[in-house]
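Residues per chain, in single letters:
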Amino acid sequence: MKFAVIVFPGSNCDVDMYHAIKDSLGAEVEYVWHDAVNIAHFDGILLPGGFSYGDYLRSGAIARFSKVMTEIKKAADMGKPILGVCNGFQILLEANLLPGAMRHNNSLKFICRPVELTVENSETMFTSSYEQGEVITIPIAHGEGNYYCDKETLHRLKENKQIVFKYNSENPNGSLEDIAGIMNEKGNVLGMMPHPERAVEDLLGSADGLKLFQSIVKNWRETHVVTS
């Protein structure tokens, strides 16, 4: 399986993501600049954290117009796994690949520390290596992680089991219903504010994030064997 790490002007977690895939997961990965017009040869797309375009207007609001986003939408339509972390999640929201919006943290402060998450849905291509209800430790680093959506959208998220991760015991940013990560109805696009790529080795304080990437590869291999 070959991954693409999308790099926007202002991305600063792309290197973390690259090394999580290459060194901890042991998979093939390349950096892809935001003006790429062909990413068809990649099997998985990763949008890392950072401050794309300086977070001007809103986080992710300018990045959504990058040339590569047209290709990412095509990949989503094809069912390829797409993961957006932190700023990557914000970009997916702005691009309407996921429902809802991000607001400033309730504290109006940037928060950077490990948090506990609950795996709300373990039956996805991103979480099949976790147990349902498993509590994991993943770091956050954001100023705008306060997820919000209207009542109708929230109802659909719950009904379709699109809420993948919730903050456990403590909500660090005021996010609606303690939501930390959601996926699209098709189940192949995941956005989450916590950084799994920063939790792939015990030396970093937690290796709980590695299972997420292992789940993606496991699903791809199973699908590849079936369709080959």
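Everything numeric in this text was worked out from a predicted model, so none of it was measured.

A. Fine view of the sheet that holds strand 11 (residues 189–192). Spatial ordering of the open sheet is given by 2-1-3-4-11-10-9-6-7, a layout of 9 strands whose pairing is mixed. At either margin of the open sheet sits one strand with a lone partner, and together these are strand 2 (28–33) and strand 7 (135–142). On average, each strand axis in the sheet is inclined to that of its neighbour by 25 degrees, with strand direction left out of account. Sheet topology note: the strand 6 (residues 111–119)/strand 7 ladder contains 8 bridges and is antiparallel. Bridge assignment links Leu117 to a residue of strand 7, and that residue is Ile136.

B. Spotlight on the pattern of salt bridges. According to the stated counting rule, one finds 10 salt bridges in the structure shown. Of the charged contacts in the structure, one is a salt bridge between Glu71 and Lys74, with a shortest N-O distance of 3.4 Å. Taken as a pair, Glu71 and Lys74 lie in helix 2 (residues 67–77) at a separation of 3 residues, close to a single helical turn. A relative accessible area of 13% places Glu71 in the buried class. When its relative accessible area of 44% is taken as the criterion, Lys74 is described as partly exposed.

C. Structural detail: the environment of Met78. Mapped onto the secondary structure, Met78 falls in the loop between helix 2 and strand 4 (82–85). Looking at Met78, the relative accessible area reads 61%, which means it is exposed.

D. Main features of the pairing of strand 4. Side chains of strand 4 alternate between two faces, with Ile82 and Gly84 and Leu83 and Val85 buried alike. Alignment of strand 3 (residues 44–47) against strand 4, held across 3 bridges, turns out to be parallel. Its bridge partner lying in strand 4, Ile45 is registered against Ile82. With helix 2 bridging strand 3 and the parallel strand 4, this β-α-β connection has right-handed handedness. Bridging between strand 4 and strand 11 involves 4 bridges; their strand directions are parallel. Its bridge partner lying in strand 11, Gly84 is registered against Gly191.

E. Main features of the packing of aromatic side chains. This model, assessed by the stated rule, comprises 3 aromatic pairs. Note on Phe89 and Tyr147: the rings are 6.2 Å apart at their centroids and 15 degrees apart in plane angle, and the pair reads as stacked. Of this pair, Phe89 sits in helix 3 (residues 87–94) while Tyr147 sits in strand 8 (residues 146–148); the two residues are 58 residues apart in sequence, bridging distant segments of the chain. Comparing Phe89 with Tyr147 shows no difference in burial state: the two are buried. A ring pair is formed by Tyr130 and Phe165, whose centres lie 6.4 Å apart and whose planes are at 90 degrees; its orientation type is edge-to-face. With Tyr130 in the loop between strand 6 and strand 7 and Phe165 in strand 9 (residues 163–167), the pair connects residues that are 35 residues apart, well separated along the chain. On the basis of relative accessibility, which here comes to 1%, the residue Phe165 falls in the buried class.

Calculation notes
Residues numbered from 1 in each chain as written. Predicted model: local features only at pLDDT ≥ 70, side-chain atom pairs only at ≥ 80, totals over all residues. Heavy atoms only, no water. Pairing = 2+ DSSP bridges. Helix = DSSP H or I, 4+ residues; strand = E, 2+ residues; numbered from the N terminus. Axes fitted to C-alpha atoms, helices over the stretch in contact; angles between N-to-C directions. Salt bridge = Lys/Arg side-chain N within 4 Å of Asp/Glu carboxyl O. Buried < 20%, exposed > 50% of the residue type's maximum accessible area, 1.4 Å probe, protein only. Right-handed = clockwise from strand over helix to strand, strands pointing away. Phe/Tyr/Trp six-rings, centres within 6.5 Å; stacked < 30°, edge-to-face > 60°.

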